[in-house]
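An overview of the molecular structure
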Amino acid sequence: MNRCFDEILRLFYKETGIVFENKLQILKKKIEKFYKDLDYKGCDSFLDDIKKSKELLQKFINFLTVSESFFFREKGHFEFLVEEIKKSVKQNHRLLSLPCSSGEEPYTILIYMLENGFKNFEIIGVDINTKVLEIAKKAIYTKRRVSLLPNDLLKRYLSNVDNSHYALKDRYKKMVCFKHLNLFDQEIYSLGQFDFVFSRNLFIYFDDYSKLEALRVFHKLLVQGGYLFLGHADIVKVTPGFERVYRPGLQILKKI
Ligand SMILES: C[S@@+](CC[C@H](N)C(=O)[O-])C[C@H]1O[C@@H](n2cnc3c(N)ncnc32)[C@H](O)[C@@H]1O
């Protein structure tokens, strides 16, 4: 079982860049339950199939990727974004949220853009997990997910579904485009280049190698002088091709 379990984790790492270092016994039990629920008797037959079936691999990725997100999380980044756009001579801005999880981040970007009167922009949300992208497209959220959103904005952009759920209004939903892609797939470059990329709370799951690979991809995805926003826990030691922007408490990298 240990050899098989290690191989499953290696395969998952190769696909996503994500490493698991802690609580491996709990993870092992979780994975065991996952394939037993799918009627696999043992680890080896599951491993064989996951190598062959893209559909099974996707199910497994959906199961193992951690996707919690919130509206208005680390709002200093959005305030910086607004300042930069106000200073910019460009007419049109392209913004990418990768990973976007269930949409809270790209919709927060949208709210900031609209609240500041910006009209010409494109927002794309990308994630490897198809389940969370379905939620992003439906845009129905629990109270907890919107709890940082100021009340006036909550009323303007979302409506009550029931006591504990809010739905983003349809006209705003249409303003963000969602795509299912893996950061490490060549297809990512079909998105073109962006002025701003939000990649918050992804590097936290990566080892140094994956972090460098991800920075290489984001460097290509950004225009010259474009910005990359990382979460406060997304520690990066070296940042080739970027300079750090000094903003207390915020991790912002600028493409040089
Ligand atoms: C914790 S969420 C972060 C969401 C949002 N950026 C935030 O800060 O609230 C992490 C997301 O990364 C996604 N993810 C993990 N590996 C990925 C990869 N290789 N390509 C694209 N998305 C990935 C997961 O599916 C998950 O939805």
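Residues numbered from 1 in each chain as written. Predicted model: local features only at pLDDT ≥ 70, side-chain atom pairs only at ≥ 80, totals over all residues.

Let us now look at the pairing of strand 5 (residues 165–168). The alternating pattern of strand 5 places Y166 and L168 on a buried face and H165 and A167 on a face that is not buried. Alignment of strand 3 (residues 140–142) against strand 5, held across three bridges, turns out to be antiparallel. Paired with I140 across the bridge in strand 5 is A167. Across four bridges, the pairing between strand 4 (residues 158–162) and strand 5 is antiparallel. Note that in strand 5 the partner of D162 across the bridge is H165. (Buried ≥ 20, exposed ≤ 12 C-beta atoms within 10 Å, placed from the backbone. Helix = DSSP H or I, 4+ residues; strand = E, 2+ residues; numbered from the N terminus. Pairing = 2+ DSSP bridges.)

Turning to the domain arrangement of the protein, a few remarks are in order. Its domain assignment divides the protein into domain 1 (2–64) and domain 2 (76–255). Here the C-alpha centroids of domain 1 and domain 2 sit 29 Å apart. Of the residues lining the interface, seven residues belong to domain 1; the matching set on domain 2 comes to eleven residues. Examining the composition of the side of domain 1 that touches domain 2, we find that three residues originate from one element, helix 4 (residues 54–64), more than from any other. Tallied by class, residues from the side of domain 1 that touches domain 2 come to three nonpolar, four polar and no charged. (Domains from an automatic or database assignment. Contact = placed C-beta atoms within 7 Å. Nonpolar A, V, L, I, M, F, W, Y, C, P; charged D, E, K, R; others polar.)

The subject of this paragraph is the sheet that holds strand 4. What the three strands build is an open sheet, ordered 3-5-4; its pairing is antiparallel. Whereas interior strands pair on both sides, the edge strands pair on one side only; in this sheet they are strand 3 and strand 4. If you compare each strand with its neighbour and ignore which way they point, the axes differ by 35° on average. (Axes fitted to C-alpha atoms, helices over the stretch in contact; angles between N-to-C directions.)

When helix 7 (residues 130–138) is considered as a whole, its buried residues turn out to be V132, L133 and A136. Along the axis of helix 7, the buried residues cluster in a sector spanning 105°; they form a single face. Buried residues along helix 7 sit against strand 2 (121–127) and strand 6 (176–180). After helix 7 finishes, the residue A139 shows a positive phi value of roughly 60°. (Arc of directions from axis to C-beta.)

Turning next to the sheet that holds strand 1 (residues 93–97). Each strand in a sheet pairs with another by means of backbone hydrogen bonds, the pair being arranged parallel or else antiparallel. Strand order in the open sheet made by the seven strands is 6-2-1-7-8-10-9, with mixed pairing throughout. Here the strands that pair on one side only, and so sit at the sheet edges, are strand 6 and strand 9 (242–245). Along the sheet, successive strands turn relative to each other by an average axial angle of 20°, direction set aside. Relative to strand 10 (residues 251–255), strand 8 (residues 222–230) runs antiparallel, the two being bridged by four bridges. Paired with Y227 across the two strands is K254, which belongs to strand 10. Each of strand 2 and strand 6 touches helix 7; the most contacted strand, strand 6, lies at about 165° to it.

Here we take up the site of the ligand. As a structural note, the neighbourhood of the ligand is formed by 24 residues, with T65, S69, P99, S101 and N129 the closest of them. A domain-level breakdown of the shell around the ligand finds at least three residues from each of domain 1 (2–64) and domain 2 (76–255). (Near = placed C-beta within 6 Å.)

Cis peptide bonds are those with omega within 30 degrees of zero, and the linkage from L98 to P99 qualifies with 10°. Checked against the element boundaries, P99 lands in the loop between strand 1 and helix 6 (104–115). Even without a glycine there, the phi angle at K23 is positive, about 50°. Note on placement: K23 falls in the loop between helix 1 (2–16) and helix 2 (24–37). According to the C-beta neighbour criterion, K23 is exposed, with 10 such atoms within 10 Å. Residue A139 is not a glycine yet carries a positive backbone phi of 60°. One can find A139 in the loop between helix 7 and strand 3. For A139, a count of 20 C-beta atoms within 10 Å gives the class buried.

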